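An overview of the molecular structure
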Amino acid sequence: GTNIIVNVTPKLDLDAERSVEVTASYTGAVDVTFTLVQVPDDASKRPSLKVEPSTYEAAAEGGTGSVKYTLTNPVEGAELSVALADAEDSWVSNLAINETDGTVTFDVAENTTVRERSAVVNVTYTALSNPVSFTIAQAAPESAFKVNDNWTVSYGGRANDSKYGSVVDYIN
């Protein structure tokens with residue numbers, strides 16, 4: 001007899017049975033069709049990734065921050081990575097995975113805007129289909145006025161105030 005060898009890519013987070021119909025053809029022979037079925041593995045042995053806290057509260061002054069991650073049932077050869085969900089959130093930088101202490105570290109720039117802001121960070125594990133996300137929420141700086149969400153505020157510039165001898169910011 002002749003053997004047919006089929007390589008199946010594992011799907012580690014398979015929740016339900018999946019199948020595919022395979023047809024083997026050879027010139028001058030009758031086609032052979034069979035169904036290949038993959039059943040879910042024991043869910044308790046699957047890898048899982050968790051990040052805590054789900055929201056990191058950063059001070060308006062900025063600084064270095066970290067969140068803890070927990071990886072259970074790691075898979076040999078699978079890798080962790082971290083990235084901003086939106087590259088426009090450049091006020092968060094130096095994202096890194098520290099596998100020794102199980103943390104994701106990052107730097108947060110000073111918030112020089114008049115509003116609080118937030119960025120979503122994705123932690124990806126190649127053995128899982130979906131990344132795990134957390135949010136970095138940064139407070140607005142203390143200011144002499146509060147901005148109503150219905151207002152449009154623009155920065156007018158910086159100038160020396162000759163009367164008081166100081167540098168002032170002008171808001172339009």
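Residues numbered from 1 in each chain as written. Predicted model: local features only at pLDDT ≥ 70, side-chain atom pairs only at ≥ 80, totals over all residues. Heavy atoms only, no water.

What follows is about the overall build of the protein. Regarding its fold elements, the protein presents zero helices and twelve strands. Moving toward the C terminus, one meets the helices and strands of the protein in the order β-β-β-β-β-β-β-β-β-β-β-β. Per-residue burial over the protein gives 22% buried out of 172 residues. By sequence separation, contacts in the protein at least 24 residues apart represent 55% of the contacts at least 6 residues apart. Total accessible area on the protein stands at roughly 12100 Å², and carbon and sulfur atoms take up 48% of it. (Helix = DSSP H or I, 4+ residues; strand = E, 2+ residues; numbered from the N terminus. Buried < 20%, exposed > 50% of the residue type's maximum accessible area, 1.4 Å probe, protein only. Contact = heavy atoms within 4.5 Å. Areas by Shrake-Rupley, 256 points an atom, 1.4 Å probe, with all protein chains shown as cover.)

What follows covers the sheet that holds strand 5 (residues 63-72). In spatial order, the strands read 3-5-8-7; together these four strands make up an open sheet with antiparallel pairing. On the outer flanks of this sheet lie strand 3 (48-52) and strand 7 (92-98), each paired with one strand and no other. Adjacent strand axes in the sheet meet at a mean angle of 20°, parallel and antiparallel pairs treated alike. In the sheet, strand 5 pairs with strand 8 (residues 103-108) via six bridges, with the strands oriented antiparallel. (Pairing = 2+ DSSP bridges. Axes fitted to C-alpha atoms, helices over the stretch in contact; angles between N-to-C directions.)

What follows covers the nonpolar core. Core analysis: the largest hydrophobic core is formed by 22 residues, its most contacted members being Leu49, Phe106, Val123, Phe134 and Ile136. Here this core takes four residues from strand 9 (residues 117-125), the largest share from any one element. Beyond its immediate stretch of four places on either side in the chain, Phe134 contacts Val51, Pro53, Ser54, Val67, Val104, Phe106, Ala119, Val120, Val121 and Val123. (Core = buried A, V, L, I, M, F, W, Y, C linked by side-chain atoms within 4.5 Å.)

For the rest of this paragraph, the subject is the sheet that holds strand 6 (residues 80-84). The strand order across the open sheet formed by four strands is 4-10-9-6, and the pairing between neighbours is mixed. Each edge of the open sheet is held by one strand with a lone partner, namely strand 4 (55-58) and strand 6. Sheet twist, expressed as the average angle between the axes of neighbouring strands with direction ignored, equals 20°. Pairing geometry for strand 4 and strand 10 (residues 132-138), over four bridges, is parallel. Note that in strand 10 the partner of Tyr56 across the bridge is Ile136.

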